[in-house]
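# Report on the structure
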Amino acid sequence: MVAPATLRVVRCGGSTLHGARAVFSADSYLLCASGDFVKMYSVATEETLRVMGGHADLVTGIQLNPHNHMQLYSSSVDGSIKLWDFMDGIPIKTFVVGSKLLALYALACCEDSVFVVIPKHGERDTFQLVSVKLTKAAGQDLEAKELSVVLDGVDASPKRIAFGREGEYVASVKDVNLQVYFFKQKQLNRFSVSATKTKSGNNHFTCIACHPTEDCIATGHADGKIRLWRNFYHKKEYTFSTLHWHHDTVMDLAFSMEGTSLLSGGVESVLVLWHNESDCQKDFLPRLGSAIEYISMSSDGALCCTLHTDNRITIINSNLRFSKSIQGLIKSTDVKTGLVVDPRTKALVLNGEPGHLQFYCLQSDQQLFSLDIVQRQYIHQAGLNQADLVKVAFSAQGKWLATVEEREEVTDPELQLKLWFYDEETQSFKLNTRINMPHEDHITDMCFRNMDELEDDSLILVTAGKDCVFKVWVMVEDTDPEAQQSVSWSCDFVGSYHNYQATNCCFSEDGSLLAVSFEETVTVWDSVTWDLKCTFCHPPGKIRNICFGRLTCSKYLIGATDYGFLCCWNLLSCALEWSAHLNVLVLQPDPLSEHIAAVSWLSKESSLFVFKPNEPRPIYIQRNLCKEKIQLAAFVPRDEPETIGSEKYLWLRRSQLFFLTDTQELMTLSTKSLEERLTPSSKQLAVEESLAVTPFSLLLGKHRRQQSQEDIDLGKLVVRNKHEQDSPAVKELLHTPAHVLPSASFLCPIFINSLLISKENKSAEEFADEVEMESEKTEDDSDEERDVTETEQEDTSPMELLGEMTCKLSKSQEKELRKIRKMDYSWISAF
Amino acid sequence: MATYKPVVVQAFPKLGERITQDTVYWRGYKTPVQIKEFGAVNKIDFSPVPPYNYAVTASSRIHIYGRYSQEPIKTFSRFKDAAYCATHRDDGNLLVAGSEEGSIRLFDINGKAPLRQFDGHTKAVHVVGFLSDKYRIFSGGDDYSSNLWDIPSATEIVSYSEHTDYVRCGCASKVNADVFITGSYDHTVKLFDARTKSSVMTIEHGQPVESVLLFPSGGLLVSAGGRYVKVWDVLKGGQLLVSLKNHHKTVTCLCLNSSGQRLLSGSLDRHVKIYSTTSYKVVHSFNYATSILSLALSPEDETIVVGMTNGVLNIKHRKPEERKEKSRKKRQPAYRTYVKGRTYMPKQEDFCVSKPVKRVLRKYDKLLKSFQSSKALDAVLEPPIRLYTPEVTVAVMQELHRRGTLRSALAGRDEKQVNLLLTFVARRVIEPRFTPVLVMVADMITDIYQPVVGQSAIVDRQFLRLQEAIGKEIDYQEELLEVLGMMDTLFATFTKKRATYLEENKSNGLTETIETNMNN
């Protein structure tokens, strides 16, 4: 039973994956730092196998233990280094360093120490590379205070330090300086390039990589050049050669395992493979989707993976062939579309790749599909004005999708309104109508008239624009039977109000009224005749959001204004019902209930208010929801209503609230405690399923299936067998750890007793027993239900249930049963 | 990993009339042959038997023309005054015609003198015709009477005096030998049965009836009068089926095509309209030089002959069907080479190797893919693309602008190329679908090549042409706005029409962009 826990803000949808370079384990798993967690993916199936949580803050570095390939070091901003057994997902040791750790390096030659980057004590923005001695003492939580500074004045980014051939030297870059420290000689060489500023940027160092076998350092620069340094033993006679293909910053470099080739990636989202360190031999893997943040190679050199800025991992074969892509919620630079829920798949829909719409499944934390809306080649180049998706709306059943894309121009924006039809055959959206320049200026809002029954013919789309009009688009049947598509969309009505800019639009639940806000005024229009019915105003302050109440509260219209007012108007009396002083950023009605969620921004913290329009007192208030500004929110309907203990959280029963912050973190509210959410069973299952099908498993699987078949055939006898397995004694015996079990001699009689084939009534008794337990469970549930909704009818009592289930037994038998059951319990309690 | 996305060439819906099967069919005529007659052509009648000669009644003569003859094969000119309505019998052997003096004459098609003469009408006879039994003739005259004549005895069988005005048109039923109809200027169409003493049905058309027509089935009747063409259901007792008002002057003649699927009507407004007889919508229309009085279509729609008020006979022959099989000389691979292996279903133990689908990119796309902006622009400025698919050229220009490389692609061109570019821009900039992009391109070209103005006469001339084109367009738009303003005042006096606001906004926006660009 769920205890009435407090509501917690839970991060979901995966945090940024680009905290550190990804690491390939020896047996084709990919480990990746993701927010506070370390995630393990299967390279073969792209599945998330394990999420290892334990750090209290962002994970900044992960490295395999060079002495044990089944172990992993991870460092975090919270100042600890953890050693994980990633196959089982358990932390082995925790070393507390004390100060923020910004990068982690582990070397094979240094047996008991790792290198970390920490901020220099007492100085801001200066960092130093230190080696940390990891004590071998027993125990889980250890202090690691033995720090020795290796390099001073390094950069915080993990890309800007690299260890050379067999750990003989360490190289670090910062701004225009390269410093190389040789461990054996204890010699520090400094080199610098003259700072120049060209059109494409300055020549600051951005990343560094060391050749695995030779003394060669490759550095990437902000102007797109790659320099290969040699002879850096000498302070003067060093040499470098330049490779130049990138037109923008080189984001990361990686040498192949043998050092014969060099991989580089940058903003262009092209992975470049340089052969033999020469300028003329290079291969490309273009159009990887977004800027490459990190490149890492697997230890056998067969695979390479790139981490992208939009939160995606691409796995690439050694012959530079695209292999797999692991993607969760793609982080686009700006979520202009808002959070929209696809009625068909219940997926969250928002901007994905540039020009694409991503359908993100919340349950499985993966992208269902990405719909190309703009259908144009995206050029990865800074400063280009490219068309992007700004508005999305779904019809009630998800049959129609309307999208607006725009391209910012100096004179006038380039706008396109597209209407997509869901094709059942291909299971995807198909472009039906494209409207060039639907408005003269930006489109501020768009909505469908959601009428469930009348999906086909009376579907109406309304767009509100900055050109001071709102337009009503309707479907028109094509009269020509020879035409390929029978319907298209065209403008039906253009409305305006005193030449004010239209800012929001919204249909009432039954679709009879349309509310359009024009700057400070809300206008209400009849959706049949398009007559202006009434206007509402709450000066001063422009209307920021409007929405209609639902179900019992459908006579109310809610509006939020710029100067921090939340107003509720009664549509029947055309009067202000109530207003509240609240700086509302997001106003989101729950589609399945009357509740409306308002997120406000007050003095550097976001607060959540949930209210019903018919009463001004909020049902639920959560102050300090998060520190970031919340940009968008959406209610996602649950598949089945959740049982919620406390009356306070009733509004979360039918749908779940998700919100997106400024920093593009997707969060939700959960009543469950942390342990419940992280049930490992599902993940365990995933591992089992992902196991390769061997001949042995096939054989065994077949055998098992056969057995179960036989079980069914044999009937009664086997039922008993099952019960034996299920019997508490055996369960206890099998599931208790060996070291806490009593002596075998004590256990033996119990075990043998349990294996004895009991008499007829015994098995029946057990059956009844089970039913009893089950019914107890239902009792619990129903209790809970009663907690939840007082109004709900009381469930069928457990006694009745029992009677029904065991109606075959006579009363005397039942009595007997109960007697025996008591005895039964007693010998269990002997444990 | 995404593949390269080719440049999207925006398709615009084709404005104007849509090309349908009908348009193709009715356009398939050669340029017309014109023959001058002596007076207004009041009747054209095709012989129902091959070689489908046709009789043209104009003034006091009846000319018989052969299929391709420019000169009449035969002439009947025994009329003192105007002859009317020369009509062939079903077997094509006899010809009957009315006349101004009131007598009806029957000719053998091969003879010269009339075989019979029927006297009885006191005034001009404008309509005569054979009944379908071939032995009787009906007629209608300006003495308001409709008569029925026996050919062998040349006597009047019956005379109906039911109309109250001139009888000017008529037609006999093809299915019943006793039934004929006449239309009169008294606004009625009357249906007569030779077996009865009076009319069996009267249909009120509403205007003086100029022409009537019965469908081959005899069930539907078409009457034309005033600006209306009306279709009546005879079997339902003369119920109005549909009323067509597609002409803006009196409809003078009606005609069915050979299949009976299309109805043609000619009018004084110089148009011949073709209706579908299923939907009664106009599917095609012909335009002529002067008002049309008569119209006839040969069997198989081989020839359309139209007679006008100024005596001109306009003859259109159908183009011979193009033989497509002959032109295809190159032997194509057999069909089976294409389908070979396509239908093969892989078995369970088969290991499938899928061949990657090779996508063929256009030349400009290949160049754009490798970021060769200048060359991509060159590729779309080549004659076939530039001339026949300017939308591709404009789409590539827009794409280059999107990539921010349009300026560099336009720059650094020699006289010839600049000339080419400017010719293209000057020619296409006034097309509304290209205006936004091309105005920007013109802007850039002016910017880039400003320093070299005056060095080349050709380029200077092109600049002037561009200026002229834009100037003209601005004048035109201003005029349009004026018209719109006038229309707005008109609309305002009637009812509030919402759609006009939208149109106004649109056109305003367009002119504004042009004007701002000119100001630049």
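What counts and what doesn't
- Sequence order sets the numbering: in each chain, residues are counted from 1 along the sequence as written.
- For this description, chains carry letters from A and ligands carry numbers from 1, given in the order in which they are written.
- With the structure being a predicted model, the display of local features is reserved for residues of pLDDT at least 70 and the display and counting of side-chain atom pairs for 80 or more, all residues being used for whole-chain, interface and lining totals.
- Hydrogens are left out, water is left out, and the side-chain values use all remaining heavy atoms of the structure.
- Numbering of helices and strands runs from the N terminus; a helix is a DSSP stretch of H or I covering at least four residues, while a strand is a stretch of E covering at least two.
- Relative accessibility under 20% of the residue-type maximum defines a buried residue, over 50% an exposed one, and the middle range a partly exposed one, all with a 1.4 Å probe and only protein chains included.
- Should any heavy atoms of two residues lie within 4.5 Å, those residues are considered in contact.
- Per-residue and other accessible areas were derived by the Shrake-Rupley procedure at a 1.4 Å probe size, with only the shown protein chains allowed to occlude residues.
- By the convention used here, strands pair only if DSSP detects at least 2 bridges between them.
- To obtain each axis, a line is fitted to C-alpha atoms, and for helices this fit is confined to the stretch in contact; angles are then taken between N-to-C directions over 0 to 180 degrees.
- Here the expected span of a helix is defined as 1.5 Å times the quantity of residues minus one.
- UniProt positions are given in the numbering used here, feature names are shortened, and annotations may be inferred rather than shown by experiment.
- By definition, the buried area sums, over both parts, the 1.4 Å-probe accessible area that each loses when the two are put together.
- Salt bridges are counted wherever a side-chain nitrogen of Lys or Arg sits within 4 Å of a carboxyl oxygen of Asp or Glu.
- Each polar contact in these results corresponds to two N or O atoms within 3.5 Å; when the atoms are within protein, one needs to be able to donate a hydrogen and the other to accept it, and residues that are neighboring in sequence are counted only if both atoms are side-chain atoms.
- In this context, the arc is that of the directions from the helix axis out to the C-beta atoms.
- What counts as a ring pair is set by centres within 6.5 Å for rings of Phe, Tyr and Trp (its six-membered ring), and what kind of pair is set by the plane angle: stacked under 30 degrees, edge-to-face over 60, tilted for all other angles.
- Over a ring means this: the NZ of a Lys or the CZ of an Arg is within 6 Å of the ring centre and within 35 degrees of the ring normal.
- Note on terminology: a nonpolar core comprises buried Ala, Val, Leu, Ile, Met, Phe, Trp, Tyr and Cys residues joined through side-chain atoms within 4.5 Å.

## Thoughts on the overall build of chain B
Each helix and strand counted, chain B has 12 helices and 28 strands in total. Here chain B holds 520 residues, and the buried ones make up 46% of them. A separation of at least 24 residues holds for 46% of the contacts in chain B among residues at least 6 apart in sequence. When the accessible surface of chain B is split by element, carbon and sulfur atoms take 53% of a total near 28000 Å².

## Re the sheet that holds strand β15 (residues 179-184) of chain B
Residues and elements named next belong to chain B. Sheet architecture is open: 4 strands sit in the order β14-β15-β16-β17, paired in antiparallel fashion. In the strand order of this sheet, the two ends are held by β14 (167-172) and β17 (199-204), each with one partner. Put simply, the sheet's adjacent strands are angled 20° from each other on average, direction ignored. Relative to strand β16 (residues 188-193), β15 is paired through 5 bridges, and the arrangement is antiparallel. Looking at the pairing, Phe180 lines up with Phe192 of β16.

## Looking at helix α9 (residues 415-428) of chain B
For an α-helix, 3.6 residues make a turn, and residues three or four places apart therefore share a direction. All names here are of chain B. A rise of 1.5 Å per residue sets the reference length of α9, with its 14 residues, at 20 Å; its end C-alpha atoms lie 20 Å apart and thus fit the reference within 8%. For α9, the full list of buried residues reads Val418, Leu421, Leu422, Phe424, Val425, Ala426 and Arg428. Against the buried residues of α9 lie α6 (383-388), α7 (390-403), α8 (406-410), α10 (435-449) and α11 (457-493).

## What about the sheet that holds strand β8 (residues 104-108) of chain B?
Residues and elements named next belong to chain B. The strand order across the open sheet built from 4 strands is β6-β7-β8-β9, with neighbouring strands paired in antiparallel fashion. At either margin of the open sheet sits one strand with a lone partner, and together these are β6 (83-88) and β9 (114-118). Direction aside, neighbouring strands of the sheet carry axes that sit 20° apart on average. Note: β8 against β9, 4 bridges, orientation antiparallel. Bridged to Arg105 within β9 is Gln117.

## Structural notes on the UniProt feature "repeat: WD" (unreviewed entry) in chain A
Under the local residue numbering, the UniProt record ascribes the feature "repeat: WD" (unreviewed entry) to residues 52-94 and 243-274 of chain A. Taken end to end, residues 243-274 of chain A comprises 0% helix and 56% strand; its first and last C-alpha atoms sit 9 Å apart.

## Brief notes about the interface of chain A and chain B
Quoted interface sizes are often the accessible area lost when the parts come together. Facing 30 residues of chain A, the contacting portion of chain B comprises 22 residues. In total, chain A and chain B occlude about 2300 Å² of area from one another, counting both sides; carbon and sulfur atoms represent 47% of this. The three residues of chain A that bury the most area against chain B are A:Arg287, A:Arg376 and A:Gln377, which together make up 29% of that side's buried surface. Between the two partners, chain A and chain B, sit 1 salt bridge. The partner of B:Lys5 in a salt bridge is A:Asp372, and the shortest N-O contact between them spans 3.3 Å. If you look at where chain A meets chain B, you find 5 residue pairs in polar contact (both at pLDDT 80 or more).

## A word on helix α5 (residues 373-380) of chain B
Residues and elements named next belong to chain B. Every buried residue of α5 is accounted for by Ser373, Ala376, Leu377, Ala379 and Val380. Considered in projection along α5, the buried side chains sweep an arc of 155° and stay on one side of the axis. Buried residues in α5 make contact with α4 (363-369), α6, α7 and α8.

## Regarding the packing of aromatic side chains
What the rule picks out here adds up to 50 aromatic pairs over all chains. With 5.6 Å between their ring centres and 85° between their planes, A:Trp578 and A:Phe611 make a pair best called edge-to-face. Taken together, the residues A:Trp578 in strand β52 (residues 575-581) and A:Phe611 in strand β55 (residues 605-611) connect sequence positions 33 residues apart. Looking at A:Trp578, the relative accessible area reads 8%, which means it is buried. Assessed through its relative accessible area of 2%, A:Phe611 is described here as buried. An angle of 85° between the planes, with centres 6.3 Å apart, marks the rings of B:Trp26 and B:Phe286 as edge-to-face. Here B:Trp26, found in helix α1 (residues 21-27), pairs with B:Phe286, found in strand β25 (residues 282-287); they are 260 residues apart in sequence, far enough to count as distant. One exposure class covers both B:Trp26 and B:Phe286, and it is buried. An aromatic cluster is defined as three or more aromatic residues linked by ring pairs; in this entry it consists of A:Phe470, A:Phe493, A:Tyr497, A:Tyr500, A:Phe518, A:Trp525 and A:Trp530. The cationic tip of B:Arg403 hangs over the ring face of B:Phe371; the distance from NZ or CZ to the ring centre is 5.1 Å.

## A few points about the nonpolar core
Residues and elements named next belong to chain B. Core analysis: the biggest nonpolar cluster contains 43 residues, and Val425, Leu438, Val441 and Ile445 have the highest contact counts within it. Among the secondary structure elements, those contributing two or more residues to this core are α4, α5, α7, α8, α9, α10 and α11. In terms of residues, this core owes the most to one element, α10, which gives 9 residues. The next biggest cluster of nonpolar side chains, apart from the first, holds 26 residues, and it includes Leu94, Leu106, Phe138 and Trp149.

## Examining the side chain of B:Ser456
Residues and elements named next belong to chain B. The residue Ser456 is located in the loop between α10 and α11 in this model. The class of Ser456 is buried, set by a relative accessible area of 11%. Among the polar contacts listed, one links the side chain of Ser456 to the backbone nitrogen of Val459, at a separation of 3.3 Å.

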